[in-house]
Number of protein chains: 2
Amino acid sequence: MPRQGLSKESVVQAAVDLIEEKGVSQFSMGKLAQRLKIKPASLYNHVESIDKLMKLVKEEAIYQLVQLENQAIAGKKKNEALFALAEAYRSFARNHYQLYQVIMAFPKENDLVLKQEAGEIISPFLKVLADYGLTENQQFHWQRVLRAMMSGFAFHEQAGGFSYFPIDQDESFYIAMQCIANGLCQTGGEKR
Amino acid sequence: MPRQGLSKESVVQAAVDLIEEKGVSQFSMGKLAQRLKIKPASLYNHVESIDKLMKLVKEEAIYQLVQLENQAIAGKKKNEALFALAEAYRSFARNHYQLYQVIMAFPKENDLVLKQEAGEIISPFLKVLADYGLTENQQFHWQRVLRAMMSGFAFHEQAGGFSYFPIDQDESFYIAMQCIANGLCQTGGEKR
DNA sequence: ATGATAAAACTAATACTATTAGTTTGTCAA
DNA sequence: TTGACAAACTAATAGTATTAGTTTTATCAT
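The sections below set out a description of the structure shown in this document. Small disclaimer: the values here were computed from a predicted structure and weren't measured.

1. Here's the deal with the overall build of chain A
The helix and strand tally for chain A stands at 8 helices and 0 strands. In terms of overall dimensions, chain A has a C-alpha envelope of 65 × 40 × 30 Å along the principal axes. Taking all 192 residues of chain A together, the buried fraction comes to 48%. In chain A, the share of contacts with a sequence separation of at least 24, taken over all contacts with a separation of at least 6, comes to 70%.

Okay, here's the thing in structure tokens:
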């Protein structure tokens, strides 16, 4: 095996680093090659295309997010778990917004690997919802409600959509989550 | 004034049409020029750059969305207005997803025109919230909650993020909006 | 009708983007 | 030492936005 040093994994890692540093919109094969001190064409010895590369970056990003989510809810129940999950999600979107964008922006393929990762993304939500005494169907619906609220909030917060009024965004987020928590307790409590 | 026919407005309109037909990701100055039967360079007689052009497309898209929102809530109050607004928003995101994407994806500039449009986007939400007996601050917070939920839902619904479980998306949306409606009534009713 | 004017088209060029084909080179194993 | 193979290379294509400079032509004033 000739000329060691570079592998598929190290290329993906370099892509992740570059995206986190300069932003996903600034990423290109040329800049990645420059950072790795090779010519752009040489990248194709390690990855098939920029799309496949971004898919790998997305998988890494999803892995990191799911990791944080599962850590956050470990050993917690009901509202404590719910708010911890929400905070972990929001933190990731804030601290790694470029990676978060990769997760959200790049197409959901009918790919088996990503189908499994979709399951991993949803899993922490279902774990949290399991404690509220919902039917299975209700869990599925509320999982959507929860994810919609969180991703919508993360998006607007980062894209500047919430800067029209100079009021605290933490408080808005708390109100949003409390609203959902109330809905959950009500739905679960009444057992309909 | 020489060679009539093409103007800034008609270029923007052609761009809107092309984006709605082929998708924003497929849009380019070359394809727009091809459709208008001119060379790409000639477009720069009418628009400064592709960024400025997309800004104009975004303004048009925002205008259409705000129009629909205001129509939807006209003459309605409280939950009736809330659900009508939500439905109008969701319909636009479904029926004109490419234009919706332009609104969401392109950067919020510190531009006066877009600052005004941000106000127009927020305005229908504030109108609806005005009937719930909230304080001004509460209105600002709930406006964010509402927009986060709606945009998060629209995004996942279109991007395929809600197709993991084969359950009705309308029902999920109804649950989400009912959750917010309950939160609003509760907050407003208690008058704290 | 004629000619000047200026807008709107054009051509040609630059600098990016991803990607492929074909070639060289370096390293490891036999 | 030699053969093989992986990983780099060079060179080329086709697409992207954009600028500079040139030509065309519609309209307006003479």
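2. So, the interface of chain B and chain A
Opposite the 40 residues of chain B that make contact, chain A presents 40 residues. For the pairing of chain B and chain A, the buried interface totals around 3,600 Å² over both sides, and the portion due to carbon and sulfur atoms is 70%. There are 0 salt bridges connecting chain B and chain A. The interface formed by chain B and chain A holds 16 residue pairs in polar contact (both at pLDDT 80 or more) in total. Looking at the side of chain B that touches chain A, the elements that each hand over two or more residues are helix 6 (112-129), helix 7 (136-159) and helix 8 (169-190) of chain B. Of all the elements, helix 7 of chain B adds the most residues to the side of chain B that touches chain A, at 16 residues.

3. Let's talk about helix 1 (residues 8-22) of chain B
Residues and elements named next belong to chain B. With 15 residues, helix 1 extends 21 Å from end C-alpha to end C-alpha; this agrees with the ideal 21 Å at 1.5 Å per step. The set of residues buried in helix 1 consists of Val11, Val12, Ala14, Ala15, Val16, Leu18 and Ile19. On its buried side, helix 1 packs onto helix 2 (29-36), helix 3 (50-73) and helix 5 (97-105). Positive phi appears at Gly23, one or two residues downstream of helix 1, with a value of about 95°.

4. As for the pattern of salt bridges
For the coordinates displayed, the defined rule picks out 14 salt bridges over all chains. Asp170(A) is the salt-bridge partner of Arg94(A), the closest N and O atoms lying 3.5 Å from each other. You can see Arg94(A) sitting in helix 4 (residues 78-95) and its partner Asp170(A) sitting in helix 8 (residues 169-190), a full 76 residues away along the chain. Using a relative accessible area of 39% as the deciding quantity, one classes Arg94(A) as partly exposed. Residue Asp170(A) is classed as partly exposed on the basis of its relative accessible area of 40%. For Arg35(B), the salt bridge is made with Glu21(B), and the minimal N-O distance between the two is 2.8 Å. You can see Arg35(B) sitting in helix 2 and its partner Glu21(B) sitting in helix 1, a full 14 residues away along the chain. With a relative accessible area of 33%, Arg35(B) lands in the partly exposed category. Assessed through its relative accessible area of 52%, Glu21(B) is described here as exposed.

5. Quick look at the relation of the copies chain B and chain A
Two copies of a chain can be linked by a rotation about an axis combined with a shift along that same axis. It takes a turn of 180° to lay chain B on chain A, together with a shift of 0.0 Å along the axis; the resulting RMSD is 0.0 Å. What the rotation and shift describe, once combined, is the action of a two-fold rotation axis. Most of the interface of chain B is mirrored in chain A, where 100% of its interface residues again form contacts.

6. A word on the packing of helix 1 of chain B against helix 3 of chain B
Residue and element names in this part refer to chain B. Running from N to C, helix 1 and helix 3 cross one another at 75°; their axes reach a closest spacing of 10 Å. Considered as vectors, helix 1 and helix 3 are oriented roughly perpendicular to each other. Residues Lys8, Val11, Val12, Ala15, Val16 and Ile19 of helix 1 pack against Leu53, Met54, Leu56, Val57 and Glu60 of helix 3.

Calculation notes
- Residues numbered from 1 in each chain as written.
- Chains lettered and ligands numbered in written order.
- Predicted model: local features only at pLDDT ≥ 70, side-chain atom pairs only at ≥ 80, totals over all residues.
- Heavy atoms only, no water.
- Helix = DSSP H or I, 4+ residues; strand = E, 2+ residues; numbered from the N terminus.
- Buried < 20%, exposed > 50% of the residue type's maximum accessible area, 1.4 Å probe, protein only.
- Contact = heavy atoms within 4.5 Å.
- Buried area = accessible area lost by both parts, 1.4 Å probe.
- Salt bridge = Lys/Arg side-chain N within 4 Å of Asp/Glu carboxyl O.
- Polar contact = N/O pair within 3.5 Å; in protein donor to acceptor, adjacent residues only side chain to side chain.
- Expected span 1.5 Å × (residues − 1).
- Least-squares fit on C-alpha atoms with pLDDT ≥ 70 in both.
- Axes fitted to C-alpha atoms, helices over the stretch in contact; angles between N-to-C directions.
- Parallel < 35°, antiparallel > 145°, perpendicular 65-115°, else oblique.

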